[in-house]
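The residues making up each chain are set out below.
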Amino acid sequence: MNSWPGPENSWEGVDAYFTSANSEGTLIFWTLLCIALLVLVTALAARHESDTAKNTK
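None of the values given here were measured: they were computed from a predicted structure.

Helix and strand counts for the chain stand at one helix and zero strands. Taking all 57 residues of the chain together, the buried fraction comes to 4%. Split by element, the accessible area of the chain, about 5300 Å² in all, is 65% carbon and sulfur.

Using the criterion set out here, one finds one aromatic pair in the structure. Measuring from centroid to centroid gives 5.1 Å for Phe29 and Trp30, while their planes differ by 70°, and the two rings are edge-to-face. Exposure remark for Trp30: the relative accessible area of 48% places this residue in the partly exposed category.

Here the focus is a nonpolar patch on the surface. Taken together, the side chains of Phe29, Trp30, Leu33, Leu37, Leu40 and Leu44 present a nonpolar region at the surface, about 590 Å² in accessible area. Secondary-structure assignment places Leu37 in helix H1 (residues 24-55). Given a relative accessible area of 46%, Leu37 falls into the partly exposed group.

The rules behind these values
Residues numbered from 1 in each chain as written. Predicted model: local features only at pLDDT ≥ 70, side-chain atom pairs only at ≥ 80, totals over all residues. Heavy atoms only, no water. Helix = DSSP H or I, 4+ residues; strand = E, 2+ residues; numbered from the N terminus. Buried < 20%, exposed > 50% of the residue type's maximum accessible area, 1.4 Å probe, protein only. Areas by Shrake-Rupley, 256 points an atom, 1.4 Å probe, with all protein chains shown as cover. Phe/Tyr/Trp six-rings, centres within 6.5 Å; stacked < 30°, edge-to-face > 60°. Patch = residues over 30% accessible without salt bridge, like charges linked within 9 Å, V, L, I, M, F, W, Y side chains within 5 Å. Salt bridge = Lys/Arg side-chain N within 4 Å of Asp/Glu carboxyl O.

Structure follows, in structure tokens:
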């Protein structure tokens, strides 16, 4: 069974699921969001390591 829109066994209409991929603003948003998450995780890991080092002296 073909669950994609458009004719059966065709890739026509597949872009209906990815319309936001055509938007440059969306790409920039997701890129900045991922970078922010990576920076946050790195900062939290560094804080945890610092606290652990202080507590084990």
